[in-house]
Amino acid sequence: MRAPVKNKGRRTTAPSISACLSGHITLDVQPDGSIAACFDGYAVGLGKFSADAMARAQELRKGLPLSSFASDRGPVEKEIDLLVRRLARRGLLEYRLGHTRDGKDQVVIEPQGPDYWPQAPKLGETETVVLSRFAYLRRRGGEMVLESPRAGALFRICDPKIAAALVVLSTPQQLKKFRRQDGFPGIELLALLVDCQILFKLDAAGGDGLRATEGDAGLVLWDFHDLLFHTHSTAGRQANPLGGVYPYAGLIPPPPAVRPRWPGKKIDLRALPAEPSRTISPVAKLLRERHSTRDFDDRQPITLAELSQFLDGTARVQSKWKSRIDPDGGGPVVDYAARPYPSGGSAYELELYLAVANCAGLARGFYHYDADRHALVPISGPTHQLDAQLAAAEFAMDAPAIPQILITIAARFDRISWKYSSIAYALILKDVGVLTQTLYLMATDMGLGGCAIGSIDIDLFAKMTGIEFHVEGPVGQFALGRGSPNQAQSE
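Residues numbered from 1 in each chain as written. Predicted model: local features only at pLDDT ≥ 70, side-chain atom pairs only at ≥ 80, totals over all residues. Heavy atoms only, no water.

Enquirer: Explain a nonpolar patch on the surface here, please?
Expert: A surface patch of nonpolar side chains, amounting to about 390 Å² of accessible area, comprises Y248, L251 and I252. Note on placement: L251 falls in the loop between α7 (224-232) and α8 (282-289). By relative accessible area, L251 is classed as exposed at 67%. (Patch = residues over 30% accessible without salt bridge, like charges linked within 9 Å, V, L, I, M, F, W, Y side chains within 5 Å. Areas by Shrake-Rupley, 256 points an atom, 1.4 Å probe, with all protein chains shown as cover. Salt bridge = Lys/Arg side-chain N within 4 Å of Asp/Glu carboxyl O. Helix = DSSP H or I, 4+ residues; strand = E, 2+ residues; numbered from the N terminus. Buried < 20%, exposed > 50% of the residue type's maximum accessible area, 1.4 Å probe, protein only.)

Following this line, the structure appears as C-alpha cells:
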C-alpha cells in the first residue's frame, strides 16, 4: 500500500509594490530623449534618457515593480530609478500593492507630500501593532480611503477584506496570532501602514494602545479633529486642491457680497441726528484706511528701525506674572505674559518668524522674534528653503514679486491644548485673526504695507526650524514692507 501523498498546497507569492503614473499625468517623449510630465496644460521637464529607458518608462502607465529597477541592476534600471525619483519628488506618482499575476490591487497608495517613498520596515512575529487614534476610514466618491493627518500617504482600499481587518486592528494585535485570523491583510501592507504611522508598534513593556502610548508629549495633547483640521487646511501634508480654485463655479451661483435683507420694519440709523462736535476718531480712521498691499517698493525697503517699531507695537511682551489654576490657590502654577493683542485665556501661544528678503540694516535670512527680549534671533538653514517660502507667498498673494518681509505666525500648540479641550485649535485660529488685524492696523499707522496670506506649507516650516509639525507650526502669514506708490489698494 502506498503512503498517502502530502498535499503541499499552492504556494502564495508576496504582493509587490509598483510605481505608477497618477491618473491625470502623461509622459511626453521627444526624439532627442527628453521626457516631460504633462498635466492640466503644464509640462515639467524630467531630463534626457536613452531609447531603452524611454521605452521602459511607458510601462509606468500600468505600473513598474520597484524591485525591477533597483539602481544596482544595470544602466537602464539606474535611469528608470532616476526618472521615478524625479516624478515622486513632484508628487506625480502613486504606488500599488498587489499580485502581478492577477493584476489585482490590494491598495493604491497616494502620496500626500513630495518626500514620500514606500518603505516596509521589518516586523517580527512577536511584535504587537494597533491602529493610530488619528487613523480614519472614509468614503471618497465610490472608494474607501484610509488616512491619517500624521501619514505621508493615504491608502485607497481595493479589497473589502482589508477594511474588515482594520476593525480588528482597533485593539492591539500580536502578529503571530493575527496571521491565523481570516482576512489577514498581509505583512507587506502592515509594514507600509507602520511606516506611515497609521499603525504603530507597542513597545516591549506593552500598553493599551491609547493616547499616552502613541508619540511624544506634544502629540498626546492633540485631539483628533484638531490635528486633522490643521493638516487639511494647510499645505505640506495633504495633496488636495488648496486656495482660490473656485471648485463650485458652474455648479452653484456665487453667493452675494451682502446678505439678503430680513423682512420687517427697519430702524434707519442713518436718519439719527449727528453730533456736531464729534469728529471721526483716530481708531475709526485707521480702520477705514486699512488695506492689503501686494506690491512693495524695493528701491526704498522697510528699515530695521521701522521693523523694530512695528514688532514693539504689535507683539512685544508687556508684562509677566504667575497664577495657580484653581481660584482657591490650588493646582500647578502657570506662567502668563501679556502682549498688545488679546489672546484666549491669556495663553499668548503665538510666535513670529520672519523671512527677510529686503530690509535696510538687516541681512537676508530667517529669524525668530524673541518677544520677551525684543530681539531677532537668526535661524540658519539652506537658502533654497528661504527662497521657497518667499516664492510661495508671492504666488499666494498673486503679487508681482516676493515680499520684503514675510512674517509666519506659528503656534505653540501645547500652550493652548494643555488647558482647553475640543476648542483648542479653534481658539488658536481666533487668536491668529486678532493678531492679523493688529499687524494690519500697525502697518497702516506707520505708512507701511501689509497683506494677510491664507495658505501655508507646514512641512517646509518644520524643515526650516527643525521642529515637529505637531509641536510648533504655522497657522498664519503676513507680508510686510514699504508699499509701491503706484499700486492699487485692495482688501
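Enquirer: What exactly am I supposed to notice about the sheet that holds strand β12 (residues 173-174) here?
Expert: Paired through backbone hydrogen bonds, the strands of a sheet run either parallel or antiparallel to each other. Read across the sheet, three strands follow the order β12-β8-β13 without closing on themselves; strand pairing throughout is antiparallel. One side of each edge strand has no neighbouring strand; the edge strands of this open sheet are β12 and β13 (199-202). (Pairing = 2+ DSSP bridges.)

Enquirer: What exactly am I supposed to notice about the nonpolar core here?
Expert: General note: in soluble globular proteins, nonpolar side chains tend to be found buried as a group. With 54 residues, the main nonpolar core has L27, L60, L87, Y95, F155 and I198 as its most contacted residues. The greatest single-element share of this core, amounting to seven residues, is contributed by helix α5 (residues 187-195). When near neighbours in sequence (up to four residues on either side) are disregarded, I198 contacts V130, L131, S132, A135, L146, E147, S148, A151, A153, F155 and L193. In this structure, L219, M442, M446 and F478 belong to the second largest nonpolar core, which totals 47 residues. (Core = buried A, V, L, I, M, F, W, Y, C linked by side-chain atoms within 4.5 Å. Contact = heavy atoms within 4.5 Å.)

Enquirer: Would you explain helix α12 (residues 424-445) in this entry?
Expert: An α-helical turn contains 3.6 residues, so any two residues separated by three or four positions project in the same direction. The terminal C-alpha atoms of α12, which comprises 22 residues, lie 32 Å apart, in line with the 32 Å expected from a rise of 1.5 Å per residue. Downstream of α12 by a residue or two, G447 has a phi angle that is positive, lying close to 75 degrees. (Expected span 1.5 Å × (residues − 1).)

Enquirer: How do you make sense of unusual backbone geometry when you look at a structure like this?
Expert: Trans is the prevailing form of peptide bonds, just as negative phi is the prevailing case for residues other than glycine. We note that H374 has phi near 50 degrees; this positive angle belongs to a residue other than glycine. By the element assignment, H374 lies in the loop between β17 (365-370) and β18 (375-378). H374 gets classed as partly exposed once you look at its relative accessible area, which sits at 22%. In the Ramachandran plot, D398 falls in the positive-phi region, its phi being about 55 degrees despite a non-glycine side chain. With respect to the helices and strands, the residue D398 is situated in the loop between α10 (383-397) and β19 (405-412). Take D398: its relative accessible area is 70%, and that puts it in the exposed class.

Enquirer: Sorry if this is basic, but what is going on with the state of the cysteines here?
Expert: Where two cysteines share a covalent bond between their sulfur atoms, that bond is called a disulfide. Tallied over the full model, the rule gives zero disulfides. Between C451, a free cysteine, and C359, which holds the nearest cysteine sulfur, the sulfur-to-sulfur gap is 19 Å. In this structure C451 comes out as buried when scored by relative accessible area, which is 1%. (Disulfide = S-S within 2.5 Å.)

Enquirer: Before we go on, may I ask you to explain the pattern of salt bridges in this structure?
Expert: Side-chain pairing between opposite charges can occur once the charged atoms of the two side chains come close. Tallying each qualifying case throughout the model produces 29 salt bridges. For R138, the salt bridge goes to E147, with nearest N and O atoms at 2.5 Å. Given the relative accessible area of 4%, E147 is considered buried.

Enquirer: What's the story with the pairing of strand β6 (residues 93-99) in this structure? I'm lost.
Expert: Both faces of the sheet carry side chains from a regular strand, because those side chains alternate between them. When you tally the buried positions in β6, you get six out of seven residues, the bulk of the element. Pairing between strand β1 (residues 16-21) and β6: six bridges, direction antiparallel. If you follow I17 over to β6, its bridge partner there is L97. Here five bridges tie β6 to strand β7 (residues 104-111), and the two strands are oriented antiparallel to one another. Looking at the pairing, L97 lines up with V107 of β7.

Enquirer: Is there a simple way to explain the environment of Y136 in this structure?
Expert: Mapped onto the secondary structure, Y136 falls in strand β9 (residues 136-140). A relative accessible area of 16% means that Y136 is categorised as buried. Along the chain, Y136 and F224 lie 88 residues apart, while their C-alpha atoms are 9.8 Å from each other. Sequence-distant contacts of Y136, that is, excluding residues within four places in its chain, are made with V145, L146, E147, S148, P149, F224, L228 and H232.

Enquirer: Before we go on, may I ask you to explain the sheet that holds β9 in this structure?
Expert: Read across the open sheet, the seven strands follow the order β5-β1-β6-β7-β11-β10-β9; overall the sheet is antiparallel. Whereas interior strands pair on both sides, the edge strands pair on one side only; in this sheet they are β5 (64-65) and β9. Pairing of β9 with strand β10 (residues 143-147), which is carried by five bridges, proceeds in the antiparallel orientation. Each bridged residue has a counterpart across the sheet, and for L137 the counterpart in β10 is L146.

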